[in-house]
Amino acid sequence: MTLLAPAQTDLLDLTPEELTDALAALGHKPYRARQILAAVWRRLAGSFDEMTDMPQSLREELGRRYVIGAARVEEVARSEDVRTAKYLFALGDGAHIEAVAMREEGRLTACLSSQVGCAMGCAFCATATLGFTRNLTCGEMLAQALLISRLEARITNIVFMGMGEPLLNVPSLLKAVAALADPSRFGLGTRKITISTCGIIPGIEALAESAAPVRLALSLNSPFDDQRRELMPVSARYPLAEVLAACDAYTGRTGKPVLLEYVLLRGINTSPASARELVRIARRLDGKVNLIEYNPTQGLPFRAPETPETLRFRDLLMKEGVTVTIRFRRGRDIAAGCGQLAARRIGAARPPGGRP
């Protein structure tokens, strides 16, 4: 995959119908679009030269007009246990984003970005220190998934929990989700795709009304509105009570419970009172709670709880019948953990295997 030249269009931004129409305008039959889609999405072709089932003249014409993803891998860092890889991508305008690939037995989960930087200003998040630059295009989101699949293994699960707030980029996000879920393209079911939000109510409503019943995760981090406003300024615009009402409506419309993500901050949001209120919210939403021990970020004042503090908090939730998981601290040694993505140069490690 190469960066976009002024005279070129990102093929990944086109729906199958748009690609078919564009090729028809050039005098090509509809089956050519199907050939291209199969090469890109099933065989993970990164260039038109790899599409040897088409005439050379057509491949050259396509190469002049299109690129397959306007992004390239600039650096890759791998954790000491080699189960986590953090990718630094360069975009066509010189901007940079990061994404993470996490291996488990039989699974490869990709954590993708939706924006360059982030405007939400969450106090504990490294991405927030960058500020907001722009939304990603559909093609830029899909390029992350395709490049990771080419260089690691085929992705089995996708979470939009990387840089940015996905529900502030709804049109491009939904277009990307449609491509990822489409059996004729990437072919993931919507139940394999999770979108995380800090609580953007119009975005939650748009997601509920869309034809993409993905899993929704709410980044909660405090069950108290005043404390949540300190940690997550977005709560001043979208108060927690209204966010929870939007989540109720999402579950009612889609039949899918909302996952509650809760970053544990030492001595801040791990009290028995916090646990009791979190139990109430989890019961209301019939949602599972995912506890995330804070991943340290240089320059920010927060600390992760000691293990006994984490386990006490977990046990208070479980005692009340709440389903709880604790997210493993994967990739912290390469700043690939939740809240650590900052699109900084990290010292490249060339990915083993795959195509460069």
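See the structure shown above.
Residues numbered from 1 in each chain as written. Predicted model: local features only at pLDDT ≥ 70, side-chain atom pairs only at ≥ 80, totals over all residues. Heavy atoms only, no water.

### Quick look at the overall build of the protein chain
So, step 1. Of the regular secondary structure elements, the protein chain holds 11 helices and 14 strands.
So, step 2. Counting all 356 residues of the protein chain, 54% fall into the buried class.
So, step 3. Contacts in the protein chain between residues far apart in sequence, at least 24 positions, make up 68% of those at least 6 positions apart.
So, step 4. Surface accessibility of the protein chain: about 15100 Å² in total, with carbon and sulfur atoms responsible for 52%. (Helix = DSSP H or I, 4+ residues; strand = E, 2+ residues; numbered from the N terminus. Buried < 20%, exposed > 50% of the residue type's maximum accessible area, 1.4 Å probe, protein only. Contact = heavy atoms within 4.5 Å. Areas by Shrake-Rupley, 256 points an atom, 1.4 Å probe, with all protein chains shown as cover.)

### Describing the pairing of strand β13 (residues 289-293)
So, step 1. Of all the 5 residues making up β13, 5 are buried; the element is thus mostly covered by neighbouring parts of the structure.
So, step 2. Because side chains alternate across β13, one face comprises the buried residues V289, L291 and E293, and the other comprises N290 and I292, equally buried.
So, step 3. Taken together, the 5 bridges between strand β12 (residues 259-264) and β13 define a ladder with parallel strand orientation. The residue of β13 that forms the bridge with V263 is I292.
So, step 4. Since β12 and β13 lie parallel, the crossover through helix α10 (residues 272-285) that links them has a hand, and here it is right-handed.
So, step 5. Pairing geometry for β13 and strand β14 (residues 324-326), over 3 bridges, is parallel. Note on β14: the bridge partner recorded for L291 is I326.
So, step 6. After leaving β13, the chain enters helix α11 (residues 307-319) and then returns to the sheet as β14, a path that is right-handed. (Pairing = 2+ DSSP bridges. Right-handed = clockwise from strand over helix to strand, strands pointing away.)

### Concerning unusual backbone geometry
So, step 1. We note that L44 has phi near 60°; this positive angle belongs to a residue other than glycine.
So, step 2. Positionally, L44 belongs in the loop between α2 (30-42) and α3 (56-65).

### Some details on the packing of aromatic side chains
So, step 1. One pass over the structure, following the stated rule, counts 4 aromatic pairs.
So, step 2. Judged by centre distance (6.3 Å) and plane angle (85°), the rings of W41 and F186 are edge-to-face. Of the two residues, W41 is situated in helix α2 and F186 in the loop between α5 (170-181) and β10 (193-197); the sequence distance between them amounts to 145 residues. Across the pair, F186 and W41 agree in class, each one buried.
So, step 3. Residues Y294 and F302 carry aromatic rings whose centres are separated by 6.0 Å and whose planes lie at 65° to one another, so their mutual orientation is edge-to-face. Note on accessibility: Y294 and F302 belong to one class, buried.
So, step 4. A cation over a ring is seen here: R154 above F186, with NZ or CZ 4.7 Å from the ring centre. (Phe/Tyr/Trp six-rings, centres within 6.5 Å; stacked < 30°, edge-to-face > 60°. Lys NZ or Arg CZ within 6 Å of the ring centre and 35° of its normal.)

Honestly, that's just the spatial picture; any functional story needs more than this.
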